[in-house]
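One letter stands for each residue in the lines below.
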Amino acid sequence: MASDNFNPQTTHFEFGGKAGAPVLVLLLPVVVYMLFFMCNRGKGDCSPFTFPDFASISFSDVFDLTSLGVFLMWFSFQAILYLFLPGQVCKGLPLRDGKVISYKCNGMKAFYVSMVTVVGGHFLGFFDLAYIYTHFLQLTTAAIIFSFALSVFVYVRAKRQNVMLALGGNSGNAIYDFFIGHELNPRIGEFDIKFFCELRPGLIGWAVMTFGMIAHQFHETGEVTIAILLVSAFQTYYVWDAFNSERSLMSTMDITTDGFGYMLAFGDLAWVPFTYTLQTRFLVDFPVRLSPGFIILIVGCQLLGYWIFRSANSQKDLFKRNPSHPSFKNIETIQTARGTRLLASGWWGTSRHINYLGDLIMALAWCLPCGFTSPFPYYYVIYFTILLIHRERRDDHKCRLKYGKDWERYCEKVPYRIFPYLY
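Just so you know, these numbers come straight off a predicted model, no measurement behind them. (Residues numbered from 1 in each chain as written. Predicted model: local features only at pLDDT ≥ 70, side-chain atom pairs only at ≥ 80, totals over all residues. Heavy atoms only, no water.)

J.: Help me understand the state of the cysteines, please; the structure alone is not making it clear to me.
T.: Two cysteines whose sulfur atoms are joined by a covalent bond form what is called a disulfide. Tallied over the full model, the rule gives 2 disulfides. Here Cys39 pairs with Cys46 through a disulfide, and the sulfurs are 1.9 Å apart. Between Cys39 and Cys46, the S-S dihedral sits near 80°, and the bridge is therefore right-handed. Taken as a pair, Cys39 and Cys46 share a single burial class, namely buried. In this model, Cys90 is linked to Cys105 through a disulfide, with the two sulfur atoms separated by 2.2 Å. Residue Cys90 is found in strand β1 (residues 88-91), and its partner Cys105 is found in strand β2 (residues 102-105); the two are separated by 15 residues along the sequence. Of the residues examined, Cys90 reaches a relative accessible area of 1% and is grouped as buried. We classify Cys105 as buried; its relative accessible area is 11%. Here the cysteine-cysteine linkages of the protein are recorded as 1-2, 3-4, numbering only bonded cysteines and doing so in sequence order. (Disulfide = S-S within 2.5 Å. Buried < 20%, exposed > 50% of the residue type's maximum accessible area, 1.4 Å probe, protein only. Helix = DSSP H or I, 4+ residues; strand = E, 2+ residues; numbered from the N terminus.)

If you want it as structure tokens, here you go:
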């Protein structure tokens, strides 16, 4: 390992600390499974007050080797695209030892190649995307197994010499460090495991899985509803936008601060693709017809959320790259003792994480096409609200340590955390 100067022992704990980590390791897969079992056609409804017949569920319903093979092929396909597609070299932020890691930013190319491959392969008859729907539970299990195995691999590998550990993942408690992420930037040669998993297999997989739901609905009914098309289009565009802004990932907490462990591996590979597709899966099992007025409302909600989300993030990213840009001529900033400045007007004068507000409005737009017969399709916007409030608190703690009194001055100037005039 690297010296203790660069790897101080963790003293600040999150997610319930040493007691909470083992609970979350076990609980997160249970939540993913329960979202499926509590809301599917086989159960007959999506009521939170009725329960499936668990005794009728066989082992083969939950796991099969073919689905594990499909998942492994998808992960390998994305890894090949990451390694061999050309891409711009992007520089990360300086590490604690002053080193700067380079990343291969070819995500947009990987996205396009993936879309052409899966859609083309489906229509040419090489495979049927409806397999994603019919084997959803088995694919879920494959993702959970792989996420756990990958987490064990990176934790054990972090025990080698001269490794920079995450500040939050060096507690000395094996389960906590395994969960939160022990090594900051696990790499095999130039293959950055954390950067790769952050966007590639799970995020592109999420978009592909919505196509699988559409394919099954068409096979079954001979038509595709506007509701499922809207959700798939919104979510696929969201994924596209993530790759369009791939460079901005270098400055996110996931890359700069968090280690790569079970929390990120499970989140990237299992949680995102297999819970964020709940709306499209719901719309296959329980189709919804939308009125023209409701469609306009949903599209308007999506556009408003995206405008806030993208405008705010673009302003922040430009300021980080070029604070002298002419667009910031009349923008108020706060000079810090570190020699940097904090945006205190424009989008970032309305709340400290105004981009999260845009994200939440979009999340609502993805749930509304499911109607109001069940609360389960609204899991995403509820969960995302909790996630972003917690994430804002984590970021606030980090910034208070980083900027000290300058951060307090900023909070006085911008008192709202996410929701202007509310929170």
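J.: Even after reading the chapter, I still don't get the packing of aromatic side chains, so can you show me in this structure?
T.: The geometry of an aromatic ring pair is captured by the separation of the ring centres together with the interplanar angle, meaning the angle of the planes. On inspection of all chains with the given rule, the structure shows 50 aromatic pairs. Geometrically, the ring pair formed by Phe372 and Tyr378 is stacked, given 6.0 Å between the ring centres and 15° between the ring planes. Look at Tyr378 and you get buried, because its relative accessible area is 12%. Stacked on the ring of Tyr103, the Lys or Arg Arg187 has its end atom at 5.3 Å from the ring centre. The ring of Tyr403 has Arg338 sitting right over it, with the charged end atom 5.9 Å from the ring centre. (Phe/Tyr/Trp six-rings, centres within 6.5 Å; stacked < 30°, edge-to-face > 60°. Lys NZ or Arg CZ within 6 Å of the ring centre and 35° of its normal.)

J.: So what exactly am I meant to see when it comes to the environment of Arg352 here?
T.: Mapped onto the elements, Arg352 comes out in the loop between β6 (341-343) and α14 (354-367). As a C-alpha pair, Arg352 and Arg417 span 65 residues in sequence and 4.9 Å in three-dimensional space. A polar contact of 3.0 Å, which involves the side chain of Arg352, links it to the backbone oxygen of Val414. A polar atom in the side chain of Arg352 sits 3.0 Å from the backbone oxygen of Pro415. (Polar contact = N/O pair within 3.5 Å; in protein donor to acceptor, adjacent residues only side chain to side chain.)

J.: Just checking my understanding: could you explain the packing of helix α3 (residues 65-84) against helix α4 (residues 107-123) for this structure?
T.: The angle between the axes and the distance between the axes are what describe a pair of packed helices. At their nearest, the axes of α3 and α4 sit 10 Å apart, and the two run at 135° to each other. The pairing of α3 with α4 is recorded here as oblique in orientation. When you trace α3 past α4, the crossing you get is right-handed. Across the interface between the two elements, Trp74, Phe77, Gln78 and Leu81 from α3 touch Ala110, Val113, Ser114, Thr117 and Val118 from α4. Residue classes in the contact of α3 with α4 are distributed as 6 nonpolar, 3 polar and no charged. (Axes fitted to C-alpha atoms, helices over the stretch in contact; angles between N-to-C directions. Parallel < 35°, antiparallel > 145°, perpendicular 65-115°, else oblique. Left-handed = near helix turned anticlockwise from the far one by under 90°. Contact = heavy atoms within 4.5 Å. Nonpolar A, V, L, I, M, F, W, Y, C, P; charged D, E, K, R; others polar.)

J.: Would you explain unusual backbone geometry in this entry?
T.: Excluding glycine, a negative phi dihedral is what most residues carry, and trans is how most peptide bonds are arranged. One non-glycine residue, Phe15, lies in positive phi territory at about 55°. Inspection of the secondary structure puts Phe15 in the segment before α1 (17-37). The phi dihedral of Asn162 is positive, around 55°, even though this residue is not glycine. Relative to the elements of secondary structure, Asn162 occurs in the loop between α6 (136-157) and α7 (174-180). Taking relative accessible area as the criterion, Asn162 reaches 68% and is therefore assigned exposed.

J.: Could you clarify how one ought to interpret the nonpolar core in this entry?
T.: Nonpolar side chains tend toward joint burial in soluble globular proteins. Residues Leu150, Phe179, Tyr276 and Phe384 are the most contacted members of the largest nonpolar core, which totals 132 residues. By residue number, the principal contributor to this core is helix α8 (residues 193-221), which donates 15 residues. Discounting residues that sit within four places of it in the chain, Phe384 has contacts with Tyr238, Tyr276, Asp359, Leu360 and Ala363. (Core = buried A, V, L, I, M, F, W, Y, C linked by side-chain atoms within 4.5 Å.)

J.: Please explain helix α16 (residues 405-413) as it appears in this structure.
T.: Three- or four-residue spacings in an α-helix give side chains the same orientation, since the helix completes a turn every 3.6 residues. Every buried residue belonging to α16 is among Asp406, Trp407, Tyr410 and Cys411, and all of these are buried. Around the axis of α16, the buried residues are gathered within 140° of arc, so they sit on the same side. What points out from α16, more than 90 degrees from its buried face, is the exposed set Lys405 and Glu412. Elements in contact with the buried residues of α16: β5 (333-335), β6 and α15 (379-403). (Arc of directions from axis to C-beta.)

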